[in-house]
Structures are given as structure tokens and as C-alpha cells.
Amino acid sequence: MNKKIVADVGPLEARIALLENDKLVEIHVERRGKERLVGNIYKGRVANVLPGMQAAFVDIGQDKNAFLYAGDILADTSDFEFEQKAEHPNLAPKSIEDMVNEGQQIMVQVLKQPGGNKGARITTHVTLPGRMLVLMPTVNHVGVSRRIEDETERDRLKEIMERIKPKDMGIILRTAAIGKSEEDFVGEVKFLERLWHRINNKSKILTAPRLIHAEESLVFRTVRDMFTTDVDEFVINNQEYFDKVVAVAGIIAPFMTERVRMYEHGANIFDDYGIQARIDKALEKKVWMKNGAYIIIDETEALTVVDVNTGKFVGDNNLQETIVKVNCEAAKEIARQLRLRDISGIIVIDFIDMEIVANKQRVVDELETALAKDRTKTNVLGITELGLVEMTRKKVRRKLSSLVQRTCPYCGGSGLVNSEETTAMNIRRLILRQIEHTDMKDFLVEVNPSVARYIEKKNEEGTPIIPKMAGYTFYIMASEGTHLSDYKVVELSSAKERDKLIGKAKVFC
């Protein structure tokens, strides 16, 4: 598989695209002043303790207080999660009231971005990520990424870490650790250990709320987390960051520096690689597939629903085989869209109904295989009695739509606006109310052109929307700038105002 990273770095934002066989599979955006908070470490002050929710709200200096769940608080026995829980599965953790007090200052790390009406989710279990491993200063444990499936390699890496890890600290090995020797790990372990001591000492000096340690910027997180040996090229359009990326790559993987390339053909790198057009498509509700079938993606605050349709795909003579082909192709596309749009939480997929159990499992297997490429944790729960596939995807970042779009001020996020008929009836009711409270006889009604055409049509049919009343005149003006649901009814108090409308508005008497 050919993998390529394309970086568009400007003064106001940085954008990173990951291409697999020239298909856009991931897009990351970071704008100046709205940098990602996940990974940041703060000295916070407990604002409220809520025993009924087993949680606390902590002031970390952001607009909204952060949410701290009892299960994310480091207890006195730091090995509880890994040792006591296994030995005593019925042993309940401490109450939130026994862990934190209102006004207490604590060091916390952001687990999830704030979004909507919610503040960030935080934990006292600090983790410091490196390229090959993650240091966990607050727990004594050695773990290996589930993506490293070879048991021999897992055992080898664990043995190395047990020898070199700092005392009373934990380590999680990342996939980049595969095949590395003990000497390869020593430098990174020592670097992260020194970083932790600096953070810890800084926390003792500063008063809350205060940022203690900020996570790396998007470009350097990309070098650390995404620029792995299977990436063929890293293209970037900013000379300053190009030099920095080469320098960092030279430290962590010297042989990778030759894969970093400076793009020197202007600032429109995303246009030239055809990425911008694909980002725009990634925000559309309907996604067409090459075989003529399509999927519909409906994102809500609570969950995401994906519907699969055959569209223009007619298939072969065998109906069931046709359906399975569409569903399998859709499974691949859905996995790609989840990564691309960074959709998380509960996801429900309505594949086309299949009668044969083996075919259903074939589609689920295809989905799981496609999701294996996703760096974010996913969990497919299988097919329900209604024939729906349920799955979850861990929330790490804000989804693409929330980064580059905002809620429509007209529909309020529903995706629906008033019809021409509804808007016209609203105008009629407003006019009837307004003429009861004024002596004016002339009115200007400013509407969307399609509403104006509807009003004119109903008048020609003999069922006028605008009431016909002796002595009253209504000027209907079609305005391209007026939204379908919007309208204005303005009283005209002078002949001069009426004269201005001659030739511009339809007159209804």
C-alpha cells in the first residue's frame, strides 16, 4: 500500500491529510487559537464535587469547567486498576468525596476535547507519549499495544521494558516498537522520564488554574504518531516546518529524512493533490461508491446512523449475491468515512437486508477488516435482531464537521426549513395581526422569490394568500437575499416610498 502524508501549513491553520493508494482516509485540522487540548496537563482547582454523579468539575482555566469522573482519579493504591481489580473483582473504588475536596488543587490531563455544552474530560492518570512507547508515571504496569499480535514479539518487548522502565512507573509499547532493541528504547524512556520530573516540579510551584504542559502541535504530532516506516512520502509546503520535520525525523528515524519533501509550487498544495475537493465531498450526506451504490450518513449529537442503498447498481442474476456485493463494498467505504470524518461514539449501520446468516457474517468480517486500519479504537458489536450493525468508535478529537462547519442559523441543525406554503401562511397571519394595530393602508412584503411565485400562483387560482380588503394595497417584492423561511412586512407611510416600488414589486389590492 502506498501511503503519503500531505501537510498544508499556513499562518492561520495547519492541515494534515493521509492518503492511502491516493485515497483520502484522514484529515486533521488545527487552527491558531483553537489548538487541541487533548494531552495538555493542567494544575486545576476542584470547583464542585457531585456525589450523585460520582464526579467533580475542575477549573483548568478554560471557558467551561472540566469533568472529572471518579474512575479517572488516581487512588492511593495506584495499582488498583491492574492488580486489585483482578484479584478482587467485587471491590468497589472509593467514593468521589473520599478522593477530592472542593477548592483542592490537583494535576490533571485532558482526555477528551470540550464540545457543545460540555467541558473537557480529564484524568489524574498522566500519560506522556513518545514515538515507540507511552510513559505512565502514575501506575506501575507494562503493556503492549493490541495491534502487536505476535505473542513472541509481545513477550520480548515486555521483558525489555521490565528491565529498563523507571521504578514505580508504567510503560505501554506502541506499534512503532516492533523489532526494536533495548538500546533503541533507552533514550526515549530517559527523555520522557526527565519530562515528567520537569512537569511534576512545575506543578508544585504553580497555582491553579494553570497550564503546565502543552501537547505538541499538529505537525509534530504527525511526525511522532503517523510518520511511520510504511509511509512513502511526507510532503509539506512550509520551509520553516520542513526544516523542523527533517530535524525531528533525523533524531527519531534518520533513514526517514529522505522521504520528507518540500513542496515548492505555491500555497495550494491541497488543490494540486486533489485533496480539497475530497474534503468538501467528505462533508456531504450522500456518498456515492464506484459500483453505483451509495450510503447516507446522518450525524446527530447522540449517535451516527449509516444507511446503505443499491442506487444504480444492478448486479448479476443472483439477488442475494448482488446485495452482499453492495454491502461488502459499503462496509469498506463506511470504515473509510468514519476515519475521514473522525466520527465517534455510537454508530448504527443499516445494511441492505440479507437472508443467509453466512452472508451477514461475511459483511461484518469485511467491516472489521477495513476498520483494522483505523488508529482509533473501534468495537463492532455484531448484527441485532432488526438486522442493524452496532459499533462504537472512541472519541479522541472533534469530528471533521464540527471543525469546519457550524449549525445552520436557519434550520437550527435539523436540516429542514419552512416550505413556501408555510412561509406564505405565516405572512398572511402577520398581515392580519398588523392591520389591526395600525392606520396604515399600504404595506411592503419582502420575501424569497420562490415564496413570491407561490403567492402569485395562489392569487391567480382564486385562493389568495394576501387578503383582499378594500382600501389596502400590498407590494410583494422578491428578494434573492431573503431566506426561504424569512420575510418582512413593512408599513409604507408616504407616496415617495410607494413610487420607489413601481416596476420592482407586484401589487395586490
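The structure displayed is predicted, hence computed values, not measured ones.

*Asks:* Can you walk me through the pattern of salt bridges in this structure?
*Replies:* This model, assessed by the stated rule, comprises 23 salt bridges. Two residues, E153 and R156, come together in a salt bridge whose shortest N-O distance is 2.9 Å. Here E153 pairs with R156, and both are found in helix 3 (residues 151–164), just three residues apart, close to one helical turn. With a relative accessible area of 28%, R156 lands in the partly exposed category.

*Asks:* What am I meant to see in unusual backbone geometry here?
*Replies:* Omega for the peptide link from A208 to P209 comes to -5°, which places this bond in the cis form. Residue placement: P209 occurs in the loop between helix 4 (182–205) and strand 13 (210–213). A positive phi is found at D168, a non-glycine position, where the angle reads about 65°. If you check the backbone angles, D342 has positive phi at about 55° while not being a glycine. Checked against the element boundaries, D342 lands in the loop between helix 9 (319–341) and strand 19 (345–350). Looking at D342, the relative accessible area reads 7%, which means it is buried.

*Asks:* Help me understand the packing of aromatic side chains in this model?
*Replies:* Two descriptors summarise a pair of aromatic rings, namely the distance from one centre to the other and the angle between the planes of the rings. Applying the stated criterion across every chain yields a total of seven aromatic pairs. Judged by centre distance (5.7 Å) and plane angle (65°), the rings of F57 and F67 are edge-to-face. Of this pair, F57 sits in strand 5 (residues 55–59) while F67 sits in strand 6 (residues 66–69), and the two are 10 residues apart along the sequence. Summarising the aromatic geometry, the rings of F443 and Y472 are spaced 6.5 Å apart at their centres and angled 25° between planes, so their arrangement reads as stacked. Highlighted residues: F443 in strand 22 (residues 442–447) and Y472 in the loop between helix 13 (449–460) and strand 23 (473–478), separated in sequence by 29 residues. On the basis of relative accessible area, F443 is assigned to the buried category, the value being 1%. The class for Y472 is buried, based on a relative accessible area of 13%. Members of the aromatic cluster, each reached through a chain of ring pairs, are F443, Y472 and F474. When the ring centre of Y241 is taken as origin, the NZ or CZ atom of K244, which lies over that ring, is 5.2 Å away. The ring of W288 has K312 sitting right over it, with the charged end atom 4.9 Å from the ring centre.

*Asks:* What's the story with the environment of V445 in this structure? I'm lost.
*Replies:* Mapped onto the fold, V445 is located in strand 22. Judged by its relative accessible area of 0%, V445 falls in the buried class. Distance from V445 to I431, taken between C-alpha atoms, is 9.2 Å for residues 14 residues apart in sequence.

*Asks:* What should I look at first to understand helix 8 (residues 275–282) in this one?
*Replies:* Two residues of an α-helix separated by three or four positions point the same way, owing to the 3.6 residues in each turn. I275, I279 and A282 are the residues of helix 8 that are buried. With its buried residues spanning 60° around the axis, helix 8 presents them on a single face. In this structure, the buried residues of helix 8 make contact with strand 1 (3–9), strand 2 (13–20), strand 3 (23–31), helix 7 (269–272), helix 9 and helix 11 (400–404).

*Asks:* Explanation requested: the pairing of strand 23 in the structure shown.
*Replies:* In regular strands, side chains alternate between the two faces of the sheet. Most of strand 23 sits inside the fold, with five of its six residues counted as buried. The pairing of strand 22 with strand 23 spans six bridges and is classified as parallel. Among the inter-strand pairings, F443 is bridged to a residue of strand 23, identified as F474. For the handedness criterion, the β-α-β arrangement of strand 22, helix 13 and strand 23 is classed as right-handed.

*Asks:* Can you help me understand the side chain of S450 in this one?
*Replies:* Assignment of secondary structure puts S450 in helix 13. Given the relative accessible area of 16%, S450 is considered buried. Side-chain polar atoms of S450 contact the side chain of E420, separated by 3.4 Å. S450 has contacts with E420 and L484, leaving out every residue within four places of it along the chain.

*Asks:* Even after reading the chapter, I still don't get the packing of helix 3 against helix 4, so can you show me in this structure?
*Replies:* Axis angle and axis distance: for two packed helices, these are the angle between their axes and the distance between the axes, and together they describe the pair. Running from N to C, helix 3 and helix 4 cross one another at 45°; their axes reach a closest spacing of 11 Å. Viewed along their axes, helix 3 and helix 4 adopt a mutual orientation that is oblique. Pair helix 3 / helix 4 crosses with right-handed handedness. Between helix 3 and helix 4, the contacting residues are L157, I160, M161, R163 and I164 on the first element and E182, F185, V186 and V189 on the second. In terms of residue class, the contact of helix 3 with helix 4 is made up of seven nonpolar, no polar and two charged.

About the cut-offs
Residues numbered from 1 in each chain as written. Predicted model: local features only at pLDDT ≥ 70, side-chain atom pairs only at ≥ 80, totals over all residues. Heavy atoms only, no water. Salt bridge = Lys/Arg side-chain N within 4 Å of Asp/Glu carboxyl O. Helix = DSSP H or I, 4+ residues; strand = E, 2+ residues; numbered from the N terminus. Buried < 20%, exposed > 50% of the residue type's maximum accessible area, 1.4 Å probe, protein only. Phe/Tyr/Trp six-rings, centres within 6.5 Å; stacked < 30°, edge-to-face > 60°. Lys NZ or Arg CZ within 6 Å of the ring centre and 35° of its normal. Arc of directions from axis to C-beta. Contact = heavy atoms within 4.5 Å. Pairing = 2+ DSSP bridges. Right-handed = clockwise from strand over helix to strand, strands pointing away. Polar contact = N/O pair within 3.5 Å; in protein donor to acceptor, adjacent residues only side chain to side chain. Axes fitted to C-alpha atoms, helices over the stretch in contact; angles between N-to-C directions. Parallel < 35°, antiparallel > 145°, perpendicular 65-115°, else oblique. Left-handed = near helix turned anticlockwise from the far one by under 90°. Nonpolar A, V, L, I, M, F, W, Y, C, P; charged D, E, K, R; others polar.

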